[in-house]
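Chain by chain, the residues:
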Amino acid sequence: ADVLLAAKEEIKSSLEKQAKEIESNQDKQISDLVRSYERRAADAQRKALEVERSYEKRVENAERKAIELERSYEEAIAELQTSCSIKIEENKEESITEIK
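Residues numbered from 1 in each chain as written. Predicted model: local features only at pLDDT ≥ 70, side-chain atom pairs only at ≥ 80, totals over all residues. Heavy atoms only, no water.

Draft legend 1. Fine view of a negative patch on the surface. A surface patch of negative charge is lined by Glu52, Glu56, Glu60 and Glu63. Here Glu56 is to be found in helix α1 (residues 2-99). Judged by relative accessible area, which is 38%, Glu56 ranks as partly exposed. (Patch = residues over 30% accessible without salt bridge, like charges linked within 9 Å, V, L, I, M, F, W, Y side chains within 5 Å. Areas by Shrake-Rupley, 256 points an atom, 1.4 Å probe, with all protein chains shown as cover. Salt bridge = Lys/Arg side-chain N within 4 Å of Asp/Glu carboxyl O. Lys, Arg positive; Asp, Glu negative; His and termini not counted. Charge placed at Lys NZ, Arg CZ, Asp CG, Glu CD. Helix = DSSP H or I, 4+ residues; strand = E, 2+ residues; numbered from the N terminus. Buried < 20%, exposed > 50% of the residue type's maximum accessible area, 1.4 Å probe, protein only.)

Below, the structure written as structure tokens:
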């Protein structure tokens, strides 16, 4: 009976030890998975920020180009108005000269 009791205790002890090892391995696997997902989340967040910065730069460039085009348009209109005014004055002077 003592031999059976001793064998039973030894088996129980062995099973408890195996259960603790399994639990420890599961905890380690869970920790590894959590770290892996945290890294993936950080990478995704970093990429999202890069995309956002790229978008913001594109918007800034587009706004800058729009302002440049507007200035260029305004300058062209001013030059055209000046040219037309000069032409009108020249035509007036020619008409006055012809009338005289």
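Draft legend 2. Local environment of the pattern of salt bridges. Under the defined criterion, the tally for this structure stands at five salt bridges. Asp32 serves as the salt-bridge partner of Lys28, at 3.1 Å between the closest nitrogen and oxygen. Of this pair, Lys28 and Asp32 both sit in helix α1, separated by four residues, roughly a single helical turn. Classification of Asp32 as partly exposed rests on a relative accessible area of 30%.

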